[in-house]
Amino acid sequence: MVLNDLWYKNAVIYCIDVATFFDGNGDGIGDFKGLAARLDYLAGMGITCIWLLPFYPSPRRDDGYDVADYYGVDPRFGTLGEFVEFVSQARQRGIRVIVDLVMNHTSDQHPWFLDARRSKRSPHRDWYVWSPEKPKDAEKGVVFPGVQKTTWTFDKQAGEWYFHRFFDFQPDLNTENPAVQAEFRRVMGFWLELGVSGFRVDALPFVISNKGAGRPPGQRWQMLRDMRLFLQWHTADAILLAEANVLPEEDLEYFGDRDDRMHMLFNFQVNQHLFYALATADGSTLSQALERTRTRPETAQWANFLRNNDELDLGRLVAEQREKVLSAFAPEDTMRLYGRGIRRRLAPMMGADRRRMELAYSLMFTLPGTPVLRYGDEIGMGDDLKLPDRDCGRTPMQWAAEEHAGFSGSKTIFRPVIREGPFGYPKVNMAGQRRDPESLLNWMERIIRMYKECPEFSWGDWKQLDTGIDSVLALQYSQDGGAVLAVHNLSESPVRTSIEVDHPSGQRLFNLLSNDHSISRSTRHALRLEPHAYRWFRVGSEVSGR
Ligand code: NOJ
Ligand code: CA
């Protein structure tokens, strides 16, 4: 098998909401013209894949996850022609594009729902999930507690209750209906024809679970295989990257044990324990999370992330662990959300402490999987807690120390930029950091380059090396005779540790990021690590590929 063809294995994915990235026509909202103009910036940083949040026509009451037309571009962001132009310009720079696929629900303004609610005989009636009376468990299973009260709402026009896993303006599709499944194959085919390299599959566990009043819980796994088959026959190198915050016991169901379902899953298990490790300097549960998510088909891959467009969901930690993360990173109530998570961006959570941010990113790049960055994190953008819910971390990209952070030339913009305080655009912006060789942006560019020079991180077999201390994590990756090591000190104190490298040339460790190499008489190395230190070593030789 020519594994090197699997581009997603060592991609650098960058998540963008077109609305907040760059306004190309000066009307106060980001668009595809603006995004295309920023492709050289992304290429320069070393990004190889853009994940686009929903840009489809939508009332945007859930930032576009309430889709009103799956075959178009919201006119606020441009035209379908401009979308295609953007995709092809990205491709010319070696950047692929994947797009969000929202199959669980539509907007209540989608023509399918407007038709469905009209009458029991409407062709689209059975595309949604109805009940003649209020189901018993209507208050159970809400995804946004505190904001969303119920999962069933009465529709006057329909004369029935409809099911909505998320907000009431997002009626769930009856994904069991073959007509709905066929329609989504058409949607996938449409965007693939326009040049995308795959999909970020929204809310997948809900898409495939049994829906309907009184239905027993259960998943329809076959749907995953059908999607994969369709995708792969259509475009051989396209991928499915799923959002599935599930327990490790279910991972293989999502990947498919014959590698016939999802190519990639976000590793929510590792994400939550990574924040626990950062909060407590205890890496033992992160170690366990890595082992629990070790098994996956050879060609499948994890996606590792720190923050994304949603709250940092800590729901998989036990209460005591969650409390520790909350009190370390979200001491105030307003920083928390839905009783389970944190709505802040990474930089403020880390107190803008450069060493802690680098530690967090270094972990993300070197844990088993493919890294997923979020726009603005490369310059350490902050959040605006005055904005509601998750919007606080969705402010416009800070390009320069100019009006509206250089995001738009318009007088007014659709969502305010961050102006005041340590994260305001006069202090934190791309242009300033580009000029400063010591900036986080330039650090990020360098770390991405080194990540790409170490294919072992994404392709290799890995094992954890014993460090004797919970605060130090050491991973060794080997592939084709080459090996690299990543060592992280989670604690704010300096530590001494020693590790036994499992490689015949393990006496020589070359530091890839600074000058302190470690040359020893045996394969055991004594290391002194500063607070929050991280080390990337190549084993045996400075240069890979011999
Ligand atoms: C997951 C998305 O990331 C989130 O922002 C959205 O609200 C839900 N899915 C519903 O589509
Ligand atoms: Ca615009």
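These figures come from a predicted structure and were not determined experimentally.

Cut-offs used in this document
Residue numbering note: each chain is counted from 1, following its sequence as written. Chain letters and ligand numbers both follow the written order, the letters beginning at A and the numbers at 1. A pLDDT threshold of at least 70 governs which residues receive local features in this predicted model, and a stricter bar of 80 or more applies before side-chain atom pairs are shown or counted, although totals over entire chains, interfaces and linings include all residues. Hydrogen atoms and water are omitted, and side-chain values are computed over all heavy atoms in the structure. Here a strand is any run of E in DSSP of at least two residues, a helix any run of H or I of at least four, and the numbering for each starts at the N terminus. Note on method: radius of gyration uses C-alpha positions; expected globular size equals 2.2 Å times residues raised to 0.38. Summary of the burial criterion: residues with accessible area below 20% of their type's maximum are buried, those above 50% are exposed, and those between are partly exposed, where the area comes from a 1.4 Å probe applied to protein chains only. Residue contacts are counted whenever heavy atoms from the two residues lie within 4.5 Å of one another. For the domains described, the bounds stem from an automatic or database domain assignment. Two parts placed together each lose some accessible area; with a 1.4 Å probe, that loss summed over both constitutes the buried area. Here a salt bridge means any side-chain nitrogen of Lys or Arg lying within 4 Å of a carboxyl oxygen belonging to Asp or Glu. In protein, a polar contact means a hydrogen-donor-capable atom and an acceptor-capable atom, both N or O and within 3.5 Å, with residues adjacent in sequence counting only if both atoms are side-chain atoms; elsewhere, any N or O pair within 3.5 Å suffices. The residue classification treats Ala, Val, Leu, Ile, Met, Phe, Trp, Tyr, Cys and Pro as nonpolar and Asp, Glu, Lys and Arg as charged. All others, Gly included, are polar. Lines fitted to C-alpha atoms define the axes here, with helix axes fitted over just the stretch in contact, and angles between the N-to-C directions of these axes take values from 0 to 180 degrees. Working rule for angles: under 35 degrees goes down as roughly parallel, over 145 as roughly antiparallel, 65 to 115 as roughly perpendicular, anything else as oblique. Helix crossings are classified by the rotation of the near helix relative to the far one: an anticlockwise turn of less than a right angle makes the crossing left-handed, while a clockwise turn makes it right-handed. Any residue with a heavy atom lying within 4 Å of a molecule or strand is counted as near it. To be clear on the numbers: accessible area is Shrake-Rupley with a 1.4 Å probe, and residue cover counts the displayed protein chains and nothing else. Here a donor is an N, O or S atom found within 2.8 Å of the metal, or within 3.2 Å if the metal is Na, K or Ca; sites may look incomplete because water is not among the atoms. When DSSP locates at least two bridges between a pair of strands, those strands are taken to pair. Any Phe, Tyr or Trp ring, taking Trp's six-membered ring, that has another such ring centre within 6.5 Å forms a pair; planes under 30 degrees apart are called stacked, those over 60 apart edge-to-face, and the others tilted.

This paragraph deals with the overall build of the chain. When its secondary structure is counted, the chain shows 17 helices and 22 strands. Compactness check: the chain gives a C-alpha radius of gyration of 24 Å against a globular reference of 24 Å for 546 residues, within 12% of the reference. Taking all 546 residues of the chain together, 63% fall into the buried category. For the chain, the proportion of contacts with a sequence separation of at least 24, taken over those separated by at least 6, is 67%.

By the assigned domains, the chain splits into domain 1 (111–163), domain 2 (178–263) and domain 3 (458–539). Of note, the centres of domain 1 and domain 2, computed from C-alpha atoms alone, are 23 Å apart. In this complex, domain 1 contributes 8 residues to the contact, which on the side of domain 2 involves 8 residues. Interface of domain 1 and domain 2: buried area, both sides summed, is about 620 Å²; carbon and sulfur atoms make up 85% of it. Taken together, the connections running from domain 1 to domain 2 amount to 0 salt bridges. Taken together, domain 1 and domain 2 are joined by 0 residue pairs in polar contact (both at pLDDT 80 or more). Grouping the constituent residues of the side of domain 1 that touches domain 2 by class yields 7 nonpolar, 1 polar and no charged.

To continue, consider the side chain of N177. Looking at the element boundaries, N177 is found in the loop between β6 (160–163) and α6 (178–193). A distance of 3.0 Å separates a polar side-chain atom of N177 from the backbone oxygen of D126. Ignoring any residue separated from it by four or fewer positions in sequence, one finds N177 in contact with D126 and W127.

The next thing to look at is the packing of helix α10 (residues 268–280) against helix α12 (residues 319–329). As a packed pair, α10 and α12 sit with axes 9 Å apart at the nearest point and diverge in direction by 60 degrees. Relative to α12, the element α10 lies oblique. Considering how the two elements wind past one another, α10 and α12 form a crossing that is left-handed. The segment α10 lies against α12, with H273, F275, Y276, L278, A279 and T280 engaging Q321, K324, V325, A328 and F329. Classifying every residue of the contact of α10 with α12 gives 7 nonpolar, 3 polar and 1 charged.

For D310, the location among the structural elements is in the loop between β10 (301–305) and β11 (312–313). For D310, a relative accessible area of 16% corresponds to the buried category. Taking the C-alpha atoms as reference, D310 lies 26 Å from S458; in sequence the two are 148 residues apart. Separated by 2.9 Å, the side chains of D310 and R390 make a polar contact. Engagement of the side chain of D310 in a polar contact is seen with the side chain of R394, the distance being 3.2 Å.

Right, let's get into the site of ligand 1. As a structural note, the neighbourhood of ligand 1 is formed by D62, Y65, H105, F144, F166, R200, D202, E243, N309, D310, R390 and R394. The contact in question runs from an oxygen atom of ligand 1 to an N or O atom on the side chain of R200, over 3.2 Å. The side chain of R390 places a nitrogen or oxygen atom 3.0 Å from an oxygen atom of ligand 1. In the complex, 98% of the free accessible area of ligand 1, which totals 290 Å², lies under the protein chains.

Here we take up the coordination of the calcium ion (ligand 2). Protein coordination of the calcium ion (ligand 2) is provided by D23 (OD), N25 (OD1), D27 (OD), I29 (O) and D31 (OD), with donor distances spanning 2.2 to 2.4 Å. Summarised as a motif, the one-chain spacing of the donors to the calcium ion (ligand 2) is D-x1-N-x1-D-x1-I-x1-D. The class for N25 is partly exposed, based on a relative accessible area of 48%.

Pairing is parallel around the closed barrel formed by 8 strands, whose spatial order is β1-β2-β3-β7-β8-β9-β10-β14. Within this sheet the neighbouring strands show an average axis-to-axis angle of 25 degrees, counted without direction. Sheet topology places strand β2 (residues 49–52) next to strand β3 (residues 96–101); 4 bridges connect them, and they run parallel. Within the sheet, the bridge partner assigned to L52 lies in β3 and is V99.

Strand order across the open sheet formed by 6 strands is β15-β16-β17-β22-β19-β20, with antiparallel pairing between neighbours. Looking at the sheet topology across the chains shown, the edges are occupied by β15 (461–465) and β20 (518–519). Where strand β16 (residues 472–479) lies against strand β17 (residues 482–489), 8 bridges are found, and the strand directions are antiparallel. Its bridge partner lying in β17, V472 is registered against N489.

Another point: the packing of aromatic side chains. Both the distance between ring centres and the angle between the ring planes are used here to describe each pair of aromatic rings. Following the criterion strictly, the structure yields 44 aromatic pairs and no others. Ring geometry for Y41 versus W399: centroids 5.1 Å apart, planes at 80 degrees, classification edge-to-face. With Y41 in helix α3 (residues 39–45) and W399 in the loop between β14 (370–374) and α15 (430–435), the pair connects residues that are 358 residues apart, well separated along the chain. Here Y41 matches W399 in class, with each residue buried. With 5.1 Å between their ring centres and 75 degrees between their planes, F255 and W302 make a pair best called edge-to-face.

Glancing now at the environment of S493. Among the secondary structure elements, S493 is positioned in the loop between β17 and β18 (495–500). You can call S493 partly exposed: its relative accessible area is 37%. Sequence separation between S493 and H532 is 39 residues; the distance between their C-alpha atoms is 7.6 Å. The contact partners of S493, leaving out residues within four places of it in the chain, are L529, E530 and P531.

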